[in-house]
Amino acid sequence: VAERTDAEVRAALVERRAPLSLELWPGVSLGPFRLGMPVRDAIALVQSKQRLIRRVELKYCDERPVANDILVDLVDDGLLLRFEPRSQRLKTIEVYDARRLRLSYSNGVFCSPERTPTLVLLYNHFGPSYPGTYDVARSQYYLHYPGVTFTFPIPPKYAHRYAAA
């Protein structure tokens, strides 16, 4: 049996880290990310959680800074924080890869790496009262609730069902 070096063991532990656990309060927050919080506070929060949140990308438009949203992308967690460009306050939280997170609502886990959310699962938890939108170019369905959006990739063989809606 080959022995692993300390660096290999640390790398393996980093790869298998526990998913980020966040409580959803529709219209209020997802974990510590509160709707209306300034972008500087979100960045400071992410920096303070470096052991939990490893890779972050800040995206904005240099040429027209107030024309497009400011994005803070928690790449390894499948979470996108979308800030209004003028006020620089959090307006929407997008969960684009829920398999990387552990999400709970009313003290019950509805999403985790072991329990991939589906449209039906989300409807059962939150109700179907907010219509989604389908992006034909990206072949993605966006299910909207107050302050939070869930993104679902749609396989090409089912795209026609969503494009017609």
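Above this text is the structure in question.
What you see is a predicted model; the values in this text were computed from it and never measured.

### Comments concerning the sheet that holds strand β5 (residues 70–74)
Judged by pairing direction, the sheet is mixed, and its 7 strands sit side by side in the order β4-β5-β6-β7-β12-β11-β10 without closing on themselves. Looking along the sheet, the strands with just one partner apiece sit at the ends: β4 (56–59) and β10 (133–135). The sheet shows a mean angle of 20° between the axes of neighbouring strands, direction not considered. Relative to strand β12 (residues 148–153), strand β11 (residues 140–145) is paired through 6 bridges, and the arrangement is antiparallel. Across the sheet, the residue bridging to tyrosine 145 is valine 148, located in β12.

### Remarks on the packing of aromatic side chains
The description of two aromatic rings rests on the distance between their centres and on the angle between their planes. Applying the stated criterion across every chain yields a total of 4 aromatic pairs. Ring geometry for tyrosine 105 against phenylalanine 126: centres 4.7 Å apart, planes inclined by 65°, an arrangement best described as edge-to-face. Taken together, the residues tyrosine 105 in strand β8 (residues 101–105) and phenylalanine 126 in helix α3 (residues 119–126) connect sequence positions 21 residues apart. Classification of tyrosine 105 as partly exposed rests on a relative accessible area of 26%. With a centroid separation of 6.2 Å and an interplanar angle of 75°, the aromatic rings of phenylalanine 110 and phenylalanine 150 are classed as edge-to-face. With phenylalanine 110 in strand β9 (residues 108–111) and phenylalanine 150 in strand β12, this pair connects stretches of sequence that are 40 residues apart. Aromatic rings pair up to connect Tyr105, Phe110, Phe126, Tyr145 and Phe150 into one cluster.

### Things to note about the nonpolar core
Grouped together as the largest cluster of nonpolar side chains are 37 residues, with contacts concentrated most on Phe33, Leu79, Leu81, Val95, Leu103 and Phe150. Counting residues per element, this core draws most heavily on helix α2 (residues 39–48), at 4 residues. Aside from chain neighbours lying at most four places away, what touches leucine 79 is Leu22, Leu30, Phe33, Val72, Asp73, Leu74, Ile93, Glu94, Val95, Tyr96 and Leu101.

What counts and what doesn't
Residues numbered from 1 in each chain as written. Predicted model: local features only at pLDDT ≥ 70, side-chain atom pairs only at ≥ 80, totals over all residues. Heavy atoms only, no water. Pairing = 2+ DSSP bridges. Helix = DSSP H or I, 4+ residues; strand = E, 2+ residues; numbered from the N terminus. Axes fitted to C-alpha atoms, helices over the stretch in contact; angles between N-to-C directions. Phe/Tyr/Trp six-rings, centres within 6.5 Å; stacked < 30°, edge-to-face > 60°. Buried < 20%, exposed > 50% of the residue type's maximum accessible area, 1.4 Å probe, protein only. Core = buried A, V, L, I, M, F, W, Y, C linked by side-chain atoms within 4.5 Å. Contact = heavy atoms within 4.5 Å.

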